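Chain and residue survey
Residues per chain are reported as follows:
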Amino acid sequence: MGLLDFLKVDVVEKKAVPNYTAHLVIDGKNMTVANLGTESVTVSGAGKLAVGQTVSFDISLKDPKEKLQFRASGPVLSCAKGEAKIGFTGLSQQQRLSVARFLARDMMGKS
């Protein structure tokens, strides 16, 4: 062991991290998706949404394999601390499967 061996650093090659994004727009207002599931979505910046209110929204999901965009609607299930949980109604089975695949790829990318 040499005198300056403590200065040696192992260099690790950096890899690009896949970009996963989810956006939701209600009445022209872009909201941050805090949590996403196949049955509901939780958004930040919910402002004037109220429990029981039914909202229509555009949701966009993007990952390295595909970009999904669809229109959905659903009731506001809960509101707390600027976040609102909105249930999905009217989603086709194909759209639910697309959301599930997106979530699966996102989880695999984080492992």
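Read on for a plain summary of the structure.

What counts and what doesn't
Residues numbered from 1 in each chain as written. Predicted model: local features only at pLDDT ≥ 70, side-chain atom pairs only at ≥ 80, totals over all residues. Heavy atoms only, no water. Pairing = 2+ DSSP bridges. Helix = DSSP H or I, 4+ residues; strand = E, 2+ residues; numbered from the N terminus. Axes fitted to C-alpha atoms, helices over the stretch in contact; angles between N-to-C directions. Core = buried A, V, L, I, M, F, W, Y, C linked by side-chain atoms within 4.5 Å. Buried < 20%, exposed > 50% of the residue type's maximum accessible area, 1.4 Å probe, protein only. Contact = heavy atoms within 4.5 Å. Salt bridge = Lys/Arg side-chain N within 4 Å of Asp/Glu carboxyl O.

Quick word on the sheet that holds strand β5 (residues 67-80)
Around the barrel, which closes on itself, the 6 strands sit in the order β1-β2-β3-β6-β5-β4 with antiparallel pairing between neighbours. Averaged over all pairs of adjacent strands, the angle between their axes in this sheet comes to 45 degrees, without regard to strand direction. Pairing geometry for strand β1 (residues 21-26) and strand β4 (residues 54-62), over 5 bridges, is antiparallel. By the bridge assignment, His-23 is partnered in β4 with Ser-60.

Focus: the nonpolar core
Core analysis: the biggest nonpolar cluster contains 24 residues, and Leu-36, Leu-49, Phe-57 and Ile-86 have the highest contact counts within it. Contributing elements (two or more residues each) for this core: β1, β2 (29-36), β3 (40-44), β4, β5, β6 (83-87) and α1 (93-110). In this view, Leu-49 contacts Ile-26, Met-31, Val-55, Val-76, Cys-79, Ala-84 and Ile-86; residues no more than four positions away in its chain are not counted.

Considering the pattern of salt bridges
Two side chains that carry opposite charge are able to pair once their charged atoms sit near each other. This structure, assessed with the given rule, holds 2 salt bridges. Ionic pairing is found between Glu-39 and Arg-96, a salt bridge with its closest N-O pair at 3.4 Å. With Glu-39 in the loop between β2 and β3 and Arg-96 in helix α1, the pair connects residues that are 57 residues apart, well separated along the chain. For the salt bridge of Asp-58 with Arg-71, the shortest nitrogen-to-oxygen distance reads 3.0 Å. Of the two residues, Asp-58 sits in strand β4 while Arg-71 sits in strand β5, which places them 13 residues apart along the sequence. By relative accessible area, Asp-58 is classed as partly exposed at 35%.

Concerning the pairing of β5
Relative to β5, β4 runs antiparallel, the two being bridged by 9 bridges. Across the sheet, residue Thr-54 finds its bridge partner in β5, namely Pro-75. Hairpin geometry of β4 and β5 is characterised by an intervening segment of 4 residues between the two adjacent antiparallel strands. In terms of strand pairing, β5 meets β6 through 4 bridges, oriented antiparallel. Within β6, the position partnered with Ser-78 by the bridge is Lys-85. Hairpin connection between β5 and β6: a loop of 2 residues separates the two successive antiparallel strands, and Lys-81 in this loop has a positive phi of roughly 50 degrees.

Quick look at the environment of Thr-38
Along the chain, Thr-38 turns up in the loop between β2 and β3. Assessed through its relative accessible area of 30%, Thr-38 is described here as partly exposed. If sequence neighbours within four positions are ignored, Thr-38 has contacts with Phe-88, Arg-96, Val-99, Ala-100 and Leu-103.

Quick word on unusual backbone geometry
When glycine is set aside, most residues are seen to have a negative phi, and most peptide bonds are trans. Of note, Asp-27 is a non-glycine position whose phi angle comes to about 50 degrees, a positive value. Tracing the backbone shows Asp-27 in the loop between β1 and β2. The exposure class assigned to Asp-27 is exposed, which follows from its relative accessible area of 79%. The phi dihedral of Lys-81 falls on the positive side, at around 50 degrees, and the residue is not glycine. Here Lys-81 shows up in the loop between β5 and β6. The exposure class assigned to Lys-81 is exposed, which follows from its relative accessible area of 85%.

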